[in-house]
Amino acid sequence: MSIIETEGLSKRYTALRGEGTLAVDRLSVQVEAGQAYGFLGPNGSGKTTTIGMLLGIITPTGGSFRLFGGSSPAELHAARQRIGATLEYPNFYPYLSCRDNLRLVARVKGRDESDVQEALDVVGLATRQKTKFRACSLGMKQRLALAATMIGDPELIILDEPANGLDPAGQREIRGIIRELGRRGKTIFLSSHMLHEVERTCTHVAIIEGGRLVHEGSVEEFTAAGTVAAVGAEGDLETLRLAVADFEGASNARIDDGRILVQLSGRGLSDLNRFLSERGIFVSHLSLERPSLEDAFMELTDGSGGTAGFGEVQ
Ligand SMILES: Nc1ncnc2c1ncn2[C@@H]1O[C@H](COP(=O)(O)OP(=O)(O)OP(=O)(O)O)[C@@H](O)[C@H]1O
Ligand SMILES: [Mg+2]
């Protein structure tokens, strides 16, 4: 049973005039138990809208979804009791302390003080628990939001851009907390527009653009598919490039920094080496380079990197 399963899920925001905005377009994704699932897309690609539909805040205009296998209103209601979630801008009472804000969350969820203490410990706010929310830094607010999702010991945690607006150190802290939640066996659904965030915290990734699914799979698989061989040899680079491009299974052979980079599918480096030596080319350097998620993404989107682009990479 999948924890989250969407089928052709769509949302069109209506406008007074014109067609409105198709924010989510026939989205079909699957999240299995224990995955840390990155929901990756540029600004405006439909991440928050999708999460809003899963949480029951936004009404879909097409398709369907299941949470913990259920899709009827009663089943979805029950399933949502098993979810901890933050939306883009977490809201707390400004005049209450971190601890008291969490106490309120605990009361609403029918939980006790021990949940509050544990959540404060996991996000590293135990020593700052008396700070009023209005006096918290952005990093503390984000950590408090994460703490709130943990209360009630949910099986699924849904996070919408949990590291939004944080500096690199703050982002690293949030990543550490998310990984800790993963170690505790939680299923995590994390939206982000930052490739590096997803690459470092997630086991699986869906890439969306303009509300549509571009790719879904394990992070491992995704970057392996884009594995690149680097080839160096004496002599003219263009001649080498043409020879490499002739190799069966080679694609996108290109000159890069005094060597040839090439995508290989099926056959490996030793075959390529033999192929080149049979043509009288003796390589001085041959290695496999596993690309980052960013490289793989660029490859997938034909180098454009998406319409809005993934500019912010830390
Ligand atoms: N309430 C709304 N009414 C009309 N259009 C909306 C509304 N909310 C979102 N949109 C539009 O739907 C599209 C998807 O927005 P959404 O907020 O889901 O994207 P996102 O991926 O979360 O973006 P970001 O990375 O900026 O948070 C955008 O074109 C946005 O302008
Ligand atoms: Mg959003």
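For the structure, check the block above.
Below is a short write-up of the structure.

Criteria and thresholds
Residues numbered from 1 in each chain as written. Chains lettered and ligands numbered in written order. Predicted model: local features only at pLDDT ≥ 70, side-chain atom pairs only at ≥ 80, totals over all residues. Near = placed C-beta within 6 Å. Helix = DSSP H or I, 4+ residues; strand = E, 2+ residues; numbered from the N terminus. Nonpolar A, V, L, I, M, F, W, Y, C, P; charged D, E, K, R; others polar. Pairing = 2+ DSSP bridges. Axes fitted to C-alpha atoms, helices over the stretch in contact; angles between N-to-C directions. Contact = placed C-beta atoms within 7 Å. Parallel < 35°, antiparallel > 145°, perpendicular 65-115°, else oblique. Left-handed = near helix turned anticlockwise from the far one by under 90°. Buried ≥ 20, exposed ≤ 12 C-beta atoms within 10 Å, placed from the backbone. Right-handed = clockwise from strand over helix to strand, strands pointing away.

**A look at the site of ligand 1**
Part 1: The environment of ligand 1 is formed by Tyr-13, Thr-21, Ala-23, Gly-41, Asn-43, Gly-44, Ser-45, Gly-46, Lys-47, Thr-48, Thr-49 and His-193.
Part 2: Elements with a contribution of two residues or more to the shell around ligand 1: β2 (21-27) and α1 (47-54).
Part 3: With three residues, the single largest contributor to the shell around ligand 1 is α1.
Part 4: Broken down by class, the residue content of the shell around ligand 1 amounts to two nonpolar, nine polar and one charged.

**Some remarks on the sheet that holds strand β8 (residues 187-192)**
Part 1: Read from one edge to the other, the open sheet built from six strands follows the order β6-β7-β8-β4-β9-β10, with strand pairing classed as mixed. In this open sheet, the two strands that pair with only one neighbour each are β6 (83-86) and β10 (212-218). Along the sheet, successive strands turn relative to each other by an average axial angle of 10°, direction set aside.
Part 2: Where strand β9 (residues 204-209) meets β10, six bridges bridge the pair, whose relative direction is antiparallel.

**Details of the sheet that holds strand β11 (residues 228-233)**
Part 1: An order of β12-β13-β11-β14 is seen for the four strands of this open sheet, with the pairing classed as antiparallel. A strand with exactly one partner marks an edge of an open sheet, and here the two such strands are β12 (250-256) and β14 (283-289). Strand-to-strand, the axes of this sheet are offset by a mean angle of 20°, without reference to chain direction.
Part 2: Two elements, β11 and strand β13 (residues 259-264), share four bridges in a ladder whose sense is antiparallel. Looking across to β13, one finds that Val-228 is bridged to Gln-263.
Part 3: Along the sheet, helix α9 (residues 237-245) makes contact with β11, β12 and β13, crossing β12 at roughly 165°.
Part 4: In the packing of helix α10 (residues 269-278) onto the sheet, the strands contacted are β11, β13 and β14, and the crossing angle to β14 comes to about 155°.

**Some remarks on the packing of helix α3 (residues 98-108) against helix α4 (residues 113-123)**
Part 1: Their axes nearest at 9 Å, the elements α3 and α4 cross at an angle of 130°. In terms of orientation, α3 lies oblique with respect to α4. Every pair of crossing elements has a handedness; the one defined by α3 and α4 is right-handed. Across the interface between the two elements, Arg-99, Leu-102, Arg-103 and Ala-106 from α3 touch Asp-115, Val-116, Ala-119 and Leu-120 from α4.
Part 2: Counted by class, the contact of α3 with α4 contains five nonpolar, no polar and three charged residues.

**A look at the pairing of strand β7 (residues 156-160)**
Part 1: Extensive coverage of β7 is indicated by the burial of five of its five residues.
Part 2: Residues Leu-156, Ile-158 and Asp-160 point to one face of β7 and Ile-157 and Leu-159 to the other, with burial holding for every one of them.
Part 3: When β6 meets β7, the two strands line up parallel, connected through four bridges. Counted as the bridge partner of Gly-84 is Ile-157 from β7.
Part 4: Bridge count between β7 and β8: five bridges; the pairing is parallel. Counted as the bridge partner of Leu-156 is Thr-187 from β8.
Part 5: Once the chain exits β7 it traverses helix α6 (residues 168-183) before rejoining the sheet at β8, and the crossover so formed is right-handed.

**Observations regarding the pairing of strand β1 (residues 4-13)**
Part 1: By the bridge criterion, five bridges tie β1 to strand β5 (residues 62-67) in an arrangement that is antiparallel. Bridge assignment links Thr-6 to a residue of β5, and that residue is Phe-65.
Part 2: As paired elements, β1 and strand β3 (residues 30-31) share two bridges and run antiparallel to each other. Following the sheet pairing, Glu-5 is matched in β3 by Gln-30.
Part 3: Sheet topology places β1 next to β2; four bridges connect them, and they run antiparallel. Bridge pairing in β2 places Lys-11 opposite Val-24.

This is a description of form; function is not addressed.
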